[in-house]
Protein chains: 2
Amino acid sequence: MPKVTAEHRLARREQIVGAALHCVAEHGFHKATMADVIRESGLSAGAVYGYFKSKDEIIAAIADQALSTVDELFEGILSTDEPLSLAAVMRRVLEHVVTVAERHDGDVTRVGLQAWAEAVHNPAIATIAREKYTILRTHYATVARRAQADGTLPSDVDPEHVAQVLFGMLPGFILQRLLLGDVSPQTYSAGLDALLGSNS
Amino acid sequence: MPKVTAEHRLARREQIVGAALHCVAEHGFHKATMADVIRESGLSAGAVYGYFKSKDEIIAAIADQALSTVDELFEGILSTDEPLSLAAVMRRVLEHVVTVAERHDGDVTRVGLQAWAEAVHNPAIATIAREKYTILRTHYATVARRAQADGTLPSDVDPEHVAQVLFGMLPGFILQRLLLGDVSPQTYSAGLDALLGSNS
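Residues numbered from 1 in each chain as written. Chains lettered and ligands numbered in written order. Predicted model: local features only at pLDDT ≥ 70, side-chain atom pairs only at ≥ 80, totals over all residues. Heavy atoms only, no water.

Visitor: What should I look at first to understand the environment of B:Lys132 in this one?
Guide: Residue and element names in this part refer to chain B. Note that Lys132 resides in helix H8 (residues 123-150). For Lys132, a relative accessible area of 17% translates into the label buried. Expressed as a C-alpha distance, the spacing of Lys132 and Gln15, which sit 117 residues apart in the sequence, is 22 Å. Excluding its chain neighbours within four sequence positions, the residues that come into contact with Lys132 are Asp64, Leu67, Ser68 and Asp71. Among the polar contacts listed, one links the side chain of Lys132 to the side chain of Asp64, at a separation of 3.4 Å. (Helix = DSSP H or I, 4+ residues; strand = E, 2+ residues; numbered from the N terminus. Buried < 20%, exposed > 50% of the residue type's maximum accessible area, 1.4 Å probe, protein only. Contact = heavy atoms within 4.5 Å. Polar contact = N/O pair within 3.5 Å; in protein donor to acceptor, adjacent residues only side chain to side chain.)

Visitor: I'm lost on the pattern of salt bridges in this one. Help?
Guide: Once the charged atoms of two side chains with opposite charge are near each other, the side chains can pair. Applying the stated rule across the entire model yields twelve salt bridges over all chains. B:Arg137 is the salt-bridge partner of A:Asp182, the closest N and O atoms lying 2.5 Å from each other. Here A:Asp182 is found in the loop between helix H9 (159-179) and helix H10 (185-196), whereas its partner B:Arg137 is found in helix H8 on a different chain. Residue class for A:Asp182 comes out partly exposed when judged on its relative accessible area of 37%. Ionic pairing is found between B:Asp36 and B:Arg39, a salt bridge with its closest N-O pair at 3.5 Å. Of this pair, B:Asp36 and B:Arg39 both sit in helix H2 (residues 34-41), separated by three residues, roughly a single helical turn. (Salt bridge = Lys/Arg side-chain N within 4 Å of Asp/Glu carboxyl O.)

Visitor: How do you make sense of the confidence of the model for chain A when you look at a structure like this?
Guide: Segments scoring low in pLDDT should not have their predicted coordinates read at a detailed level. When the pLDDT values of chain A are averaged, the result is 91; 96% of them are 70 or greater. The least confident element of chain A, judged by mean pLDDT, is helix H5 (residues 71-78) of chain A at 86; the most confident is H9(A) at 97. (pLDDT = per-residue confidence, 0-100.)

Visitor: Where do I start with the relation of the copies chain A and chain B in this structure?
Guide: The pair of chain copies shares a relation made of a rotation about an axis and a shift along it. Least-squares fitting of chain A to chain B yields an RMSD of 0.0 Å, with the superposition described by an axial translation of 0.0 Å and a rotation of 180°. Such a combination of turn and shift is consistent with a two-fold rotation axis. The overlap is high: 100% of the interface residues of chain A also sit at the interface in chain B, so the same surface is used on both sides. (Least-squares fit on C-alpha atoms with pLDDT ≥ 70 in both.)

Visitor: What am I meant to see in the packing of helix H9 (residues 159-179) of chain B against helix H10 (residues 185-196) of chain B here?
Guide: Geometrically, a packed helix pair is captured by the angle between its two axes and the distance between the axes. All names here are of chain B. With their axes 11 Å apart at the nearest point, H9 and H10 run at an angle of 140° to one another. It follows that H9 is oblique to H10 by the angle criterion. Regarding H9 and H10, the two cross each other, and that crossing is right-handed. Residues Met169, Gly172, Phe173 and Gln176 of H9 pack against Pro185, Tyr188 and Leu192 of H10. A class-by-class count of the residues in the contact of H9 with H10 yields five nonpolar, two polar and no charged. (Axes fitted to C-alpha atoms, helices over the stretch in contact; angles between N-to-C directions. Parallel < 35°, antiparallel > 145°, perpendicular 65-115°, else oblique. Left-handed = near helix turned anticlockwise from the far one by under 90°. Nonpolar A, V, L, I, M, F, W, Y, C, P; charged D, E, K, R; others polar.)

Visitor: Help me understand the UniProt feature "domain: HTH tetR-type" (unreviewed entry) in chain A, please; the structure alone is not making it clear to me.
Guide: Under the UniProt annotation, the feature "domain: HTH tetR-type" (unreviewed entry) is placed at residues 10-70 of chain A. Between the end C-alpha atoms of residues 10-70 of chain A there is a gap of 21 Å, over a span that is 74% helix and 0% strand. (UniProt positions renumbered as here; feature names shortened; annotations may be inferred.)

Visitor: Quick question: what am I supposed to make of the packing of aromatic side chains here?
Guide: What the rule picks out here adds up to nine aromatic pairs over all chains. Centre to centre, the rings of B:Tyr133 and B:Phe167 are 4.9 Å apart; their planes meet at 80°, and the pair counts as edge-to-face. Remark: B:Phe167 occurs in helix H9 and B:Tyr133 occurs in helix H8; sequence separation between them is 34 residues. Since its relative accessible area comes to 8%, B:Tyr133 is described here as buried. When the ring of B:Phe173 is compared with that of B:Tyr188, the centres are 5.0 Å apart and the planes differ by 65°; the resulting orientation is edge-to-face. With B:Phe173 in helix H9 and B:Tyr188 in helix H10, the pair connects residues that are 15 residues apart, well separated along the chain. Of the two residues, B:Phe173 and B:Tyr188, neither departs from the other in class, the shared state being buried. Grouped by ring-pair contacts, the aromatic residues A:Phe74, A:Tyr133, A:Tyr140 and A:Phe167 constitute a single cluster. (Phe/Tyr/Trp six-rings, centres within 6.5 Å; stacked < 30°, edge-to-face > 60°.)

Visitor: Sorry if this is basic, but what is going on with the interface of chain A and chain B here?
Guide: Put simply, an interface is often sized by how much accessible area is lost when its parts join up. Contact with chain A, which involves 52 residues of that partner, is made by 52 residues of chain B. Across the interface of chain A and chain B, roughly 4,300 Å² is buried in total on both sides, 68% from carbon and sulfur atoms. Scanning the region where chain A abuts chain B turns up two salt bridges. The tally of links from chain A across to chain B stands at 20 residue pairs in polar contact (both at pLDDT 80 or more). (Buried area = accessible area lost by both parts, 1.4 Å probe.)

Visitor: Just checking my understanding: could you explain the domain arrangement of chain A for this structure?
Guide: Residues and elements named next belong to chain A. As assigned here, chain A comprises domain 1 (2-59) and domain 2 (67-199). Between the C-alpha centres of domain 1 and domain 2 there is a distance of 28 Å. Taken together, the contacts link ten residues of domain 1 with ten residues of domain 2. Across the domain 1/domain 2 interface, buried area totals approximately 830 Å², and carbon plus sulfur atoms make up 64% of it. For the domain 1 face of the interface with domain 2, the top three residues by lost area are Leu21, Ala25 and Phe29, together amounting to 55%. Across the domain 1-domain 2 interface, the total number found is zero salt bridges. Our count for the domain 1 to domain 2 interface comes out at three residue pairs in polar contact (both at pLDDT 80 or more). Residue contributions to the side of domain 1 that touches domain 2 peak at six residues, all from helix H1 (residues 2-27). Broken down by class, the residue content of the side of domain 1 that touches domain 2 amounts to five nonpolar, four polar and one charged. (Domains from an automatic or database assignment.)

So this is what it looks like as structure tokens:
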């Protein structure tokens with residue numbers, strides 16, 4: 001029954017990644033140990049090492065997951081033919097991030113901060129971050145092009161430059177949410193709506 | 001000669017913090033060692049420990065410095081009575097950050113990323129980050145109030161919410177600059193100008 005086996009392996013892998021994510025959200029990449037992950041996963045050491053040979057491999061897997069938080073969201077956003085409001089897109093992104101962050105199995109945005117810091121020094125994580133963020137920014141550029149086609153964004157601006165700013169609004173939101181604790185999708189969107197003004 | 005001694009101590013302290021900043025920008029908070037910092041500083045171990053009792057104390061000092069990068073800039077920005085353009089303020093902030101980051105003694109924005117990740121788990125760094133970022137956001141709120149007084153920002157929005165978004169644009173710029181390497185104050189400002197539209 002190879003299909004069941006593949007599903008079983010995938011579920012086990014997710015169980016380990018989930019445990020690792022929980023440990024790293026609590027303690028950071030550097031202080032979380034394989035022993036912590038094994039304990040948290042409820043599996044044997046042998047089982048865990050059957051999926052991940054080292055802490056580096058687990059770190060890569062959870063960095064991948066942490067940096068993919070809003071990936072699936074854009075399929076829904078871009079699948080409609082309705083005119084896209086930039087402010088509405090950003091609001092959906094913010095709400096989605098907070099919903100995912102508040103899941104009981106560990107705040108993935110805390111792991112995101114770890115992944116950013118790690119990417120500066122760790123080539124494997126840098127590669128994952130570049131791949132993930134290049135794709136994410138492509139989605140924002142598509143949103144900008146749609147807004148230009150709709151006439152809600154000036155047509156003489158490079159949509160890639162607008163995508164840099166739209167992409168760039170999320171890390172600062174995540175940072176303020178974790179470090180200052182007083183931002184929400186509502187407050188941030190209110191500020192954004194005022195700034196975007198007639199473009200929203 | 002107590003004045004000379006105080007100046008001398010301050011210069012020595014800066015020399016050590018500069019060396020530590022260089023090491024952390026290269027290797028991250030967790031992999032940089034006291035031995036690295038001592039070697040980089042050119043001072044004796046005894047001299048370095050005379051200023052900082054532990055790596056934690058040095059980390060606090062460089063986190064403080066990394067999170068203070070744009071502090072002095074706002075004195076200049078807010079000292080004028082001229083109407084403030086939000087787009088122009090953001091452009092000055094971005095240009096300032098890149099100028100500081102490109103100094104030869106280590107990219108302080110790389111240390112900033114380390115400080116964000118550390119603040120999530122380390123109460124001492126969290127306190128520094130909260131203090132620094134609360135002050136910084138107050139500056140942005142002042143800018144928003146000035147724009148409201150000038151009539152370039154709607155008066156019915158909470159300036160604190162606008163400040164969240166203005167503050168929030170910088171971490172995403174820093175992240176893209178370090179991880180993707182293709183943003184500059186020019187490209188980001190071009191995107192921002194288009195988004196702010198008539199409000200700029």
